[in-house]
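This is what each chain is made of:
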Number of protein chains: 2
Amino acid sequence: MTSAPISLEEAAKTATLFKALGDPTRVLLISIVAASEGHEACVCDLTEPTGLSQPTVSHHLKILTDAGFLSRTRRGSWAYYALVPGALERLATALAT
Amino acid sequence: MTSAPISLEEAAKTATLFKALGDPTRVLLISIVAASEGHEACVCDLTEPTGLSQPTVSHHLKILTDAGFLSRTRRGSWAYYALVPGALERLATALAT
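This structure is a prediction, so every number in the text was calculated from the model and none was measured.

Student: How should the interface of chain B and chain A be read in this particular structure?
Tutor: Accessible area lost during the coming together of the parts is what is often quoted as the interface size. The interface of chain B with chain A comprises 33 residues on the first partner and 33 residues on the second. Summing the contributions of chain B and of chain A, the shared interface buries around 2600 Å²; its carbon and sulfur component is 77%. Summed over the three residues of chain B that lose the most area to chain A, namely Phe18, Ala35 and Leu95 of chain B, the buried surface amounts to 21% of that side. Between the two partners, chain B and chain A, sit zero salt bridges. At the boundary of chain B and chain A, one finds two residue pairs in polar contact (both at pLDDT 80 or more). Secondary-structure elements contributing two or more residues to the side of chain B that touches chain A are α1 (8–21), α2 (24–35) and α5 (87–94) of chain B. Counted by class, the side of chain B that touches chain A contains 22 nonpolar, seven polar and four charged residues.

As structure tokens, then:
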């Protein structure tokens, strides 16, 4: 070995992050947020492109937020989701530390 | 939107790649390969650190190979697995094209 592989505990944590992205709806949601102005989108703008109900969209957004890929801000009656800078890029390097 | 999000078909393909990494054993295996000399490891070196049987290790390595993260070369009686350059990095950008 030229460097140390990650521990089993770190592997389990990292696998949880990948699992959060291992779903077509969540990949689509994060892609829409990434493509939006300021890398931020209102939950009200995410139901139509996914063809899903708002509770279902909110459920998937919660998984992405809990995993640290999105941040959530409430403004008025709507929740806005923004891409957490560097979170996706860190995933690739998490495997090789 | 400032750029186009990915299509539902692309989202499904990308989700399959993330799913391949959404498992602690596979994260550990790819991390060991990444930490090995030349980013390559013999299947015979991957059973002991994972504590799994060789058929189980080979099963997980096949999933990682099919997903395009590892390449497989046979030399003598052993199969060697190498990290496919750029495959992990492409994952992060796959979400924002």
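Student: Mind showing me how you'd approach the nonpolar core here?
Tutor: What tends to happen in soluble globular proteins is that the nonpolar side chains get buried as a cluster. The biggest cluster of nonpolar side chains holds 55 residues, and the ones touching the most others in it are Leu21 and Phe69 of chain A together with Leu21 and Phe69 of chain B. Among residues more than four places away in sequence, those in contact with Phe69 of chain B are Leu17, Ala20, Leu21, Ile30, Leu64, Ala82, Leu83, Val84, Ala87, Leu88 and Leu91 of chain B.

Student: Honestly, the sheet that holds strand β2 (residues 70–75) of chain A in this entry has me stumped. Any pointers?
Tutor: Residue and element names in this part refer to chain A. With antiparallel pairing, three strands are arranged side by side in an open sheet as β1-β3-β2. Looking at the sheet topology across the chains shown, the edges are occupied by β1 (40–42) and β2. Shown here is a sheet whose adjacent strand axes are inclined to one another by a mean of 25 degrees, direction ignored. Summarising the sheet, β2 and strand β3 (residues 78–83) pair through six bridges and their orientation is antiparallel. Paired with Arg72 across the strands is Tyr81, a residue of β3. Packing of helix α2 (residues 24–35) onto the sheet brings it into contact with β1, β2 and β3, and relative to β3 it is tilted by some 85 degrees. Running at roughly 130 degrees to β2, helix α4 (residues 54–66) makes contact with β2 and β3 of the sheet.

Rules used in this analysis
Counting restarts for each chain: residues are numbered from 1 in the order of the written sequence. The order in which chains are written sets their letters, starting at A; the order in which ligands are written sets their numbers, starting at 1. It should be noted that, the model being predicted, local features are given only for residues of pLDDT at least 70 and side-chain atom pairs only at 80 or more, the latter also being counted only at that level, while totals for whole chains, interfaces and linings use all residues. Remark: hydrogens and water are excluded; side-chain values derive from all non-hydrogen atoms of the structure. In what follows, residue pairs with any heavy atoms lying within 4.5 Å of each other are defined as contacts. Buried area is a sum: the accessible area each of two parts loses on coming together, probed at 1.4 Å, counted once for each and added. The salt bridge criterion pairs a side-chain nitrogen of Lys or Arg with a carboxyl oxygen of Asp or Glu, the two atoms within 4 Å. Polar contact criterion, stated in full: a pair of N or O atoms within 3.5 Å, where within protein one must be able to donate a hydrogen and the other to accept it, and residues adjacent in sequence count only if both atoms are side-chain atoms. Helix numbers and strand numbers start at the N terminus; a helix is a DSSP run of H or I with at least 4 residues, a strand a run of E with at least 2. Three residue categories are used. Nonpolar comprises Ala, Val, Leu, Ile, Met, Phe, Trp, Tyr, Cys and Pro, charged comprises Asp, Glu, Lys and Arg, and polar comprises the others, including Gly. We define the nonpolar core as a collection of buried residues of types Ala, Val, Leu, Ile, Met, Phe, Trp, Tyr and Cys that are connected through side-chain atoms lying within 4.5 Å of one another. Relative accessibility decides the category of a residue: with a 1.4 Å probe and only protein chains considered, values under 20% of the type maximum give buried, values over 50% give exposed, and everything between is partly exposed. Pairing between strands is defined by DSSP: at least two bridges between them are needed. With axes taken as lines fitted to C-alpha atoms, and helix axes fitted only over the stretch in contact, angles between N-to-C directions fall between 0 and 180 degrees.

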